[in-house]
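Spelled out, the chains give:
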Amino acid sequence: MKIAVFGSKHHEIVVSLIDNLLKHFQNKKDFSFAFEKYFFEYLKKQNVDLQQTVMIGENDFTSDLVLSFGGDGTFLKTAALVGSKQIPILGINVGRLGFLTDLSGREISELYKIIENQNFEVDERTLIEVKNSENIALKSPFALNEIAVMKQDTSAMIDIEARVNGELINIYRSDGLIIATPTGSTAYSMSVGGPIVVPKVASFIISPIASHSLNVRPLIIPDSWEIELTINSRSNSYLVALDGRSQIFTNETKLFVHRAPHKVLIAKQKDRIFFDTLKEKLMWGADTREIRN
């Protein structure tokens, strides 16, 4: 089994986790490990024994499973680099919330069992793809969580005209607009009042950021529809962030948002359901009176 490993350099515990992982599998010839270039170089500086591993480029690799050591940010970056390869990604959380990650750093022994027995299920998750009227190149035009269109400065709001399949939805006067997948419904979208959506629901969530109107609410639409955005900003520019990767555009540039032709495969423990994650990560349904007691 070929395993590609991506990770964060911002958590010291990652070094010991990787060291223990390699020691556990060092005599198991059916398993091989390859590390993303920058993560490989970081681990080497930390004196991790990488002699039986190989270094891979960000996009130039093949494997049967991808491991992502970090938080949600690391997972999103990993998903962008895996791209359309259709390789399952298993997240190991060493950060804070880690909603997209299935295991915590404390469950390293469970990770060994999952790898050895290939004891995991695979969830298919929808991606957003973004194109623009000026054909400006994006490092990655895909987002697993959301695309956020925001004002670039701290002064005036921006006007965002949103159309679906050519029909006008609304002209949002706000600090910005978020278009999220069901996967991203528990991220930025949720923080601005968007609904939580079960990942298997084929939909996009459109949520304004600090809307100037009390009558505007988040809207759920089918993910088969195409969204067209025309932005008017006093500064003649605006910011677009795809899963945190940001780029500046001018008012002349329209955005076209639609469902990507491929999906991200997320590996998870068998019998683990979405509502378990809500309860664990977001304290879904928790009685705060019981917590205080």
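Preceding block: the structure.
One structure accompanies this document, and this report is about it. In every chain, residue numbers begin from 1 and rise along the written sequence. Whole-chain, interface and lining totals are the exception, using all residues; otherwise, since this is a predicted model, local features are given only for residues with pLDDT of at least 70 and side-chain atom pairs are given and counted only at 80 or more. Only hydrogens and water are set aside when side-chain values are computed; all heavy atoms of the structure are taken into account.

**Let's talk about the overall build of the protein chain**
Worth spelling out the cut-off: A helix here means a DSSP run of H or I that spans at least four residues, while a strand means a run of E at least two residues long, and both kinds are numbered starting from the N terminus. Radius of gyration here uses only the C-alpha atoms, and the compact-globule reference equals 2.2 Å multiplied by the residue count raised to the power 0.38. Remark: exposure states derive from per-residue accessible area (1.4 Å probe, protein chains only) relative to the maximum for the residue type, with buried under 20%, exposed over 50%, and partly exposed in between. When checking whether two residues touch, look at their non-hydrogen atoms; a contact exists if any pair is within 4.5 Å. Here the Shrake-Rupley method, with its probe set to 1.4 Å, supplies the accessible areas, and only the displayed protein chains count as covering residues.
Scanning the protein chain from N- to C-terminus turns up seven helices and 18 strands. What you see for the protein chain is a C-alpha radius of gyration of 21 Å, in line with the 19 Å of a compact globule of 293 residues. Referenced to the eigenvectors of the C-alpha coordinate spread, the extents of the protein chain come out at roughly 60 × 50 × 35 Å. For the protein chain, buried positions account for 49% of its 293 residues. A fraction of 65% describes how many contacts in the protein chain between residues 6 or more apart in sequence connect residues 24 or more apart. When the accessible surface of the protein chain is totalled, it reaches about 14900 Å², and 47% of it is carbon and sulfur.

**A short note on the layout of surface pockets**
The line we're drawing: Every definition here rests on a 1 Å grid over the protein atoms only: cavities are sets of points where a 1.4 Å probe fits but cannot get out, pockets are open sets enclosed by protein on both sides within 12 Å along at least five of seven lines, and lining residues have some atom within 4 Å of a point. Grid points are joined across faces, edges and corners, and a volume is the space filled by probe spheres set on the points. Any residue that is not Ala, Val, Leu, Ile, Met, Phe, Trp, Tyr, Cys, Pro, Asp, Glu, Lys or Arg is counted as polar, Gly included; the first ten are nonpolar and the last four charged.
Of the pockets and cavities examined, the largest pocket occupies roughly 430 Å³. The wall of the largest pocket is formed by 19 residues, among which S8, H10, H11, G71 and T74 lie closest to the centre. Top element by residues in the lining of the largest pocket is helix α3 (residues 72-82). It accounts for five residues. For the lining of the largest pocket, the per-class residue count stands at five nonpolar, nine polar and five charged. Computed from the structure, the second largest pocket encloses a volume of approximately 360 Å³. Around the second largest pocket, the lining comprises 20 residues; the ones closest to its centre are K77, A80, L81, S140 and R245. Of all the secondary structure elements, the ones that give two or more residues to the lining of the second largest pocket are α3, β8 (142-143) and β18 (255-269). Counting residues per element, the lining of the second largest pocket draws most heavily on α3, which supplies six residues. Class assignment of the residues belonging to the lining of the second largest pocket gives a composition of ten nonpolar, five polar and five charged.

**Examining the pattern of salt bridges**
Defined as follows: For this analysis, a salt bridge means a side-chain nitrogen from Lys or Arg found within 4 Å of a carboxyl oxygen belonging to Asp or Glu.
Under the definition given, this model contains eleven salt bridges. Here E161 ties to R163 by a salt bridge, and the two come within 2.9 Å at their closest N and O atoms. The class for R163 is partly exposed, based on a relative accessible area of 26%. With its nearest N and O atoms 2.9 Å apart, the salt bridge here joins R259 to D223. Residue R259 is found in strand β18, and its partner D223 is found in the loop between β14 (219-222) and β15 (227-232); the two are separated by 36 residues along the sequence. Taken together, the shared-partner salt bridges in this structure form one network comprising D123, R125, K200 and K268.

**Quick word on the side chain of T53**
Using the following cut-off: Polar contacts here mean pairs of N or O atoms no more than 3.5 Å apart (in protein, one a potential hydrogen donor and the other a potential acceptor; neighbouring residues in sequence count only if both atoms are side-chain atoms).
Tracing the backbone through its elements, the reader meets T53 in the loop between α2 (37-45) and β3 (54-56). With relative accessibility at 11%, the residue T53 sits in the buried group. Here L50 takes part through its backbone oxygen, which lies 2.7 Å from a polar atom of the side chain of T53. Residues within four places of T53 in sequence aside, it is in contact with L22, F33, F35 and F40.

**Details of the sheet that holds strand β13 (residues 203-209)**
What counts here: Strands are labelled as partners when DSSP assigns at least two bridges between them. Between the N-to-C directions of two axes lies an angle of 0 to 180 degrees, each axis being a line fitted to C-alpha atoms and, for a helix, fitted only over the stretch in contact.
Taken together, the six strands give an open sheet; going across it, the order is β14-β13-β12-β9-β16-β17, and neighbouring strands pair in antiparallel fashion. On the outer flanks of this sheet lie β14 and β17 (245-250), each paired with one strand and no other. For this sheet the average axis-to-axis angle between neighbouring strands, irrespective of direction, equals 20 degrees. Where β13 lies against β14, four bridges are found, and the strand directions are antiparallel.

**Side note on the environment of Y172**
Mapped onto the elements, Y172 comes out in strand β11 (residues 167-174). According to the relative accessible area criterion, Y172 is buried, its value standing at 3%. When the C-alpha positions of Y172 and Q86 are compared, they lie 36 Å apart, and in sequence the two are 86 residues distant. When residues no more than four places from it in sequence are discounted, the contact partners of Y172 are I158, D159, I160, A162, L177, I206, P208 and V216.

**What about a positive patch on the surface?**
Which entries qualify depends on this criterion: Surface patches are drawn from residues lacking salt bridges whose relative accessible area is over 30%; two like charges belong together within 9 Å, two nonpolar side chains (Val, Leu, Ile, Met, Phe, Trp, Tyr) within 5 Å. His is not counted here, nor are the chain ends, while Lys and Arg score as positive and Asp and Glu score as negative. Working definition for charges: the position is that of NZ of Lys, CZ of Arg, CG of Asp or CD of Glu.
A grouping of K9, K45, K77 and K139 is seen on the molecular surface, where their side chains present a positively charged patch. Within the element layout of this structure, K139 appears in the loop between β7 (120-132) and β8. Residue class for K139 comes out exposed when judged on its relative accessible area of 78%.

**Re α2**
An α-helix turns once per 3.6 residues; consequently, residues spaced three or four apart project the same way. Operational definition: Each C-beta atom gives one direction from the helix axis, and the arc is the one those directions make.
By the burial criterion, the buried members of α2 are F39, F40, Y42 and L43. An end-on view of α2 places all buried positions within 165 degrees of arc, on one side of the element. For α2, the exposed residues lying more than 90 degrees away from the buried face are K44 and K45. Where α2 is buried, its residues touch β1 (2-7), α1 (13-25), β2 (32-36) and β3. At the N-terminal boundary of α2, the capping side chain belongs to E36, with an oxygen 3.1 Å from the backbone nitrogen of Y38. Residue N47 follows α2 closely and has a positive phi angle near 65 degrees.

In short, geometric facts, not functional conclusions.
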